[in-house]
There are 2 protein chains.
Amino acid sequence: DIFTAITHHFQNTMLEQNLAGQHWVITAGPTMEAIDPVRYISNHSSGKMGYALATAAIARGASVTLISGPVQITAPVGVNLVAVKSADDMLTACEHAMQSQADVFIGAAAVADFKMKMASNQKMKKQSNTDEVQLTLVKNPDIIATLAQQKRAKIIVGFAAETQNVIEYAKSKLERKGLDIIIANDVSRSDIGFNQDENQVTVITTNKVWEPAKATKSELASQLVDFIHEHSQRSR
Amino acid sequence: DIFTAITHHFQNTMLEQNLAGQHWVITAGPTMEAIDPVRYISNHSSGKMGYALATAAIARGASVTLISGPVQITAPVGVNLVAVKSADDMLTACEHAMQSQADVFIGAAAVADFKMKMASNQKMKKQSNTDEVQLTLVKNPDIIATLAQQKRAKIIVGFAAETQNVIEYAKSKLERKGLDIIIANDVSRSDIGFNQDENQVTVITTNKVWEPAKATKSELASQLVDFIHEHSQRSR
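As the structure is a prediction and not an experimental result, all values here were calculated from the model. (Residues numbered from 1 in each chain as written. Chains lettered and ligands numbered in written order. Predicted model: local features only at pLDDT ≥ 70, side-chain atom pairs only at ≥ 80, totals over all residues. Heavy atoms only, no water.)

*Asks:* Just checking my understanding: could you explain the sheet that holds strand β2 (residues 33–34) of chain A for this structure?
*Replies:* The strands that make up a sheet are held in pairs by hydrogen bonds between backbone atoms, and each pair lies either parallel or antiparallel. With antiparallel pairing, 4 strands are arranged side by side in an open sheet as β2(A)-β3(A)-β3(B)-β2(B). Each end of this open sheet is capped by a strand with a single partner; those strands are β2 of chain A together with β2 (33–34) of chain B. In the sheet, strand β3 (residues 39–43) of chain A pairs with strand β3 (residues 39–43) of chain B via 5 bridges, with the strands oriented antiparallel. Across the sheet, residue A:Tyr40 finds its bridge partner in β3(B), namely B:Ser42. (Pairing = 2+ DSSP bridges. Helix = DSSP H or I, 4+ residues; strand = E, 2+ residues; numbered from the N terminus.)

*Asks:* Would you mind going over a nonpolar patch on the surface with me for this structure?
*Replies:* Residue and element names in this part refer to chain A. Taken together, the side chains of Ile-2, Phe-3 and Ile-6 present a nonpolar region at the surface, about 330 Å² in accessible area. On the secondary structure map, Phe-3 appears in helix α1 (residues 2–14). Using a relative accessible area of 61% as the deciding quantity, one classes Phe-3 as exposed. (Patch = residues over 30% accessible without salt bridge, like charges linked within 9 Å, V, L, I, M, F, W, Y side chains within 5 Å. Areas by Shrake-Rupley, 256 points an atom, 1.4 Å probe, with all protein chains shown as cover. Salt bridge = Lys/Arg side-chain N within 4 Å of Asp/Glu carboxyl O. Buried < 20%, exposed > 50% of the residue type's maximum accessible area, 1.4 Å probe, protein only.)

*Asks:* How do you make sense of helix α2 (residues 48–59) of chain B when you look at a structure like this?
*Replies:* Since there are 3.6 residues in each turn of an α-helix, residues three or four apart along the chain are aligned in direction. In this model α2(B) runs 16 Å from its N-terminal to its C-terminal C-alpha over 12 residues, within 8% of the 16 Å that 1.5 Å per residue would give. When you tally the buried positions in α2(B), you get 10 out of 12 residues, the bulk of the element. (Expected span 1.5 Å × (residues − 1).)

*Asks:* Just to check I follow, could you spell out unusual backbone geometry for this structure?
*Replies:* Comment: phi is negative for the bulk of residues other than glycine, and the bulk of peptide bonds are trans. The backbone of A:Lys151 shows a phi angle near 50 degrees, a positive value even though the residue is not glycine. Along the chain, A:Lys151 falls in the loop between α4 (143–149) and β9 (153–162). Backbone geometry places B:Asn165, a non-glycine residue, at a positive phi of 45 degrees. If you trace the backbone, B:Asn165 turns up in the loop between β9 (153–162) and α5 (166–177).

*Asks:* Whenever I open this one, the packing of aromatic side chains confuses me. Can you help?
*Replies:* Two numbers describe a pair of aromatic rings. These are the distance of the centres and the angle of the planes. Residues and elements named next belong to chain A. Taken as a whole and assessed by the stated rule, the structure comprises 2 aromatic pairs over all chains. When the centroid spacing of 5.2 Å and the interplanar angle of 10 degrees are considered together, the rings of Trp-210 and Phe-227 count as stacked. Pair noted here: Trp-210 is in strand β13 (residues 208–210) and Phe-227 is in helix α6 (residues 217–234), with a separation of 17 residues, a long-range link. For Phe-227, a relative accessible area of 9% gives the class buried. (Phe/Tyr/Trp six-rings, centres within 6.5 Å; stacked < 30°, edge-to-face > 60°.)

*Asks:* When you look at the sheet that holds strand β1 (residues 23–28) of chain B in this model, what are you seeing that I'm missing?
*Replies:* Residue and element names in this part refer to chain B. Overall, mixed pairing links the 8 strands, which are arranged β5-β4-β1-β6-β9-β10-β12-β13 in an open sheet. Among the strands making up the open sheet, the edge pair consists of β5 (80–83) and β13 (208–210). Averaged over all adjacent pairs, the angle separating strand axes in this sheet is 15 degrees, with direction ignored. One ladder, built from 6 bridges, connects β9 with strand β10 (residues 181–186); its direction is parallel. Each bridged residue has a counterpart across the sheet, and for Gly-158 the counterpart in β10 is Ile-182. Taken strand by strand, helix α3 (residues 87–97) contacts β1, β4 (63–68), β5 and β6 (102–107), and its axis lies near 165 degrees from that of β4. (Axes fitted to C-alpha atoms, helices over the stretch in contact; angles between N-to-C directions. Contact = heavy atoms within 4.5 Å.)

So, in structure tokens, the structure goes:
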């Protein structure tokens, strides 16, 4: 509502511009992998968390490139929005945005792990004599691991959406992919995460585990951006 | 805009209420078939054509049940909206809506031909030792053929979205599924159909082929509803 908008406006104008001169690159939303001209595989990511992180980074003075899969929300004012569909397109857009090393990369997109081995140029027809169909999927590029290996940003931040053993899986992902920070959440909980306005996460670095309180994605994004910035100052 | 809205308002209030007392059931949008708690298979149907048909039928006095997959558009005023996700849910909702025989059923939804043989209750994990994954899909129920066989409506109208041999495939579908009317369009054309505001179709009955001019989905829906009504009067 209007009061929230005014409050945010003054909060933002009063925020220290401590990210001025920095370039942050953030991915958001799902990816959409074509099966044929009309069908696709996607996931329920709303893009809200990535868009909230972009908003919070802009409010602190960063120049932000937001590389987004198909979502139903509006881009924050002042962002450089790059709209993509597939994981392949998203990786290309990330590499293009970070030809010069960025300060921070946050992979908040829910990138499809798999794409079709062969997407069809024509609509697949249902044959009356086939009761089952096999879709052969192959791995998508691991966007964040690729960018981390190429050192495309000074600080690389990943997300881990899990339904079980959340912290254990997230720690293993942090090490395996060479990330600086991983933000883990439990998507089996229906009150937070995918498509919800609130989120509760666990933030993990190589030597720290931090659990901020459950909060709106907007409030949480501010805390996460501050945490990432402080972490980057310490690791200089 | 406002002029269009006013024009439509007067057009509608001036329309003969020739469908008063009739029950039309219309499906719209894509279906969404779960792969696991976060991933799904869907298609690019916007739902615009089905929603436009519902609007046109309501404007002529029909009582309309609109059974819709996930879309981003608003239901027409006065409709009985039933929101569904999967094809199984859509069939159940159709049968429920037509426990008493409806006057007209229009299957405008882009129903997924296939669903997962076994949807997973947990998010599938990407195993580092597997480069390929097979998704085993099985046929969804053929909603319109099922409803036609059960004679759930006096007139059954289907759609055929094709990318090649459009009329030939549509005619074969009309006969095989026991439909009264089929509305065919060529989804390989990017200017019409899926996600576009305009559409151009070919209307096929057992003894007639009619090609109305390319038009907005709203204008076309009015012509199609009139055609369906006239056809139903003749076939009494």
